[in-house]
Amino acid sequence: MTTETPRATDRSFLFVLGSSRPDGNTELLARAAAEQLPAGVPQRWVDLTQLPLPDFEDGRHETDGRQAGENEETLRQATLAATDIVIASPLYWYTVSAQTKRYLDYWSGWLSVPGSDFKERMAGRTLWGVTVMADDDEVVGDGLVTTLNHTAAYLRMGFGGVLFGNGSRPGQVRNDERAMIRAKTFFQRETPPARLPYDEGTV
């Protein structure tokens, strides 16, 4: 069974940039894929270096309500407003960047925000990944894929997979012909419901 893809007019994309430098290879690849979206599909781009978050503190079991900062609330509202969330993170030590991991950690906190119904509202949406790495073997990025797939599975989201590119020096991903070809149709992929390994074979 696959998740029914919303009509183009019903979709809105949030691109979350998790690189430590502007205009990096991962952002270039993400923008190449985004250029193929229909003109009427809204796109919002957020750079986590421009909306920095403090280290996440797990306050689920505290009695006093935690006051969200301005950047956190901006990211939370942007996340909830999108049907499709694209995590654009370079591969750092075989998984997502520190900025990206911190953003995802905050999802844990949003699960317990009174009245937010974060888990219920995220169900049925789609999580995507875009990453560029120096290694030619995509298996090196399995940790990043696992992080995103399992996050989507927990929230009952669809998972569109990860668009991989190769590059290290600025702009080098443009020379990765295979990645650039994939980018042209990446967001046209089917997005089956994400599953955890022990869910395989269940319906």
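Structural data are supplied above this passage.
First, a word on scope: everything that follows refers to the structure included in this document. Since we're looking at a predicted model, the values are computed, not measured. (Residues numbered from 1 in each chain as written. Predicted model: local features only at pLDDT ≥ 70, side-chain atom pairs only at ≥ 80, totals over all residues. Heavy atoms only, no water.)

## Here we look at a negative patch on the surface
A cluster of acidic side chains, namely Asp 135, Asp 136, Asp 137 and Asp 142, defines a negative patch on the protein surface. With respect to the secondary-structure elements, Asp 137 resides in the loop between strand E4 (126-133) and helix H5 (142-154). We classify Asp 137 as partly exposed; its relative accessible area is 41%. (Patch = residues over 30% accessible without salt bridge, like charges linked within 9 Å, V, L, I, M, F, W, Y side chains within 5 Å. Areas by Shrake-Rupley, 256 points an atom, 1.4 Å probe, with all protein chains shown as cover. Salt bridge = Lys/Arg side-chain N within 4 Å of Asp/Glu carboxyl O. Lys, Arg positive; Asp, Glu negative; His and termini not counted. Charge placed at Lys NZ, Arg CZ, Asp CG, Glu CD. Helix = DSSP H or I, 4+ residues; strand = E, 2+ residues; numbered from the N terminus. Buried < 20%, exposed > 50% of the residue type's maximum accessible area, 1.4 Å probe, protein only.)

## Comments concerning the packing of aromatic side chains
Here the structure, examined in full by the defined rule, presents 13 aromatic pairs. When the ring of Phe 13 is compared with that of Phe 15, the centres are 5.9 Å apart and the planes differ by 20°; the resulting orientation is stacked. A residue is classified by how much of its surface remains accessible, and Phe 15, at 0% relative accessible area, is buried. An aromatic cluster of at least three residues, connected via ring pairs, comprises Phe 13, Phe 15, Trp 45, Trp 128, Phe 186 and Phe 187. The ring of Trp 45 carries the charged tip of Arg 31 above its face, separated from the ring centre by 3.9 Å. (Phe/Tyr/Trp six-rings, centres within 6.5 Å; stacked < 30°, edge-to-face > 60°. Lys NZ or Arg CZ within 6 Å of the ring centre and 35° of its normal.)

## A closer look at the pairing of strand E3 (residues 84-88)
Counting buried residues along E3, 5 of its 5 residues qualify, which places the element largely inside the surrounding structure. Across 5 bridges, strand E1 (residues 13-17) lies against E3 in parallel orientation. Within E3, the position partnered with Leu 17 by the bridge is Ala 88. By the bridge criterion, 5 bridges tie E3 to E4 in an arrangement that is parallel. (Pairing = 2+ DSSP bridges.)

## Some words on the packing of helix H2 (residues 70-81) against helix H3 (residues 98-110)
It is the contact of H2 with H3, at a shortest axis distance of 11 Å, that shows an interaxial angle of 80°. By the criterion of interaxial angle, the relationship of H2 to H3 is roughly perpendicular. Note on element contacts: H3 touches H2 through Tyr 103, Tyr 106, Trp 107 and Trp 110, opposite Glu 72, Leu 75, Arg 76 and Thr 79. Partitioned by chemical class, the residues of the contact of H2 with H3 number 5 nonpolar, 1 polar and 2 charged. (Axes fitted to C-alpha atoms, helices over the stretch in contact; angles between N-to-C directions. Parallel < 35°, antiparallel > 145°, perpendicular 65-115°, else oblique. Contact = heavy atoms within 4.5 Å. Nonpolar A, V, L, I, M, F, W, Y, C, P; charged D, E, K, R; others polar.)

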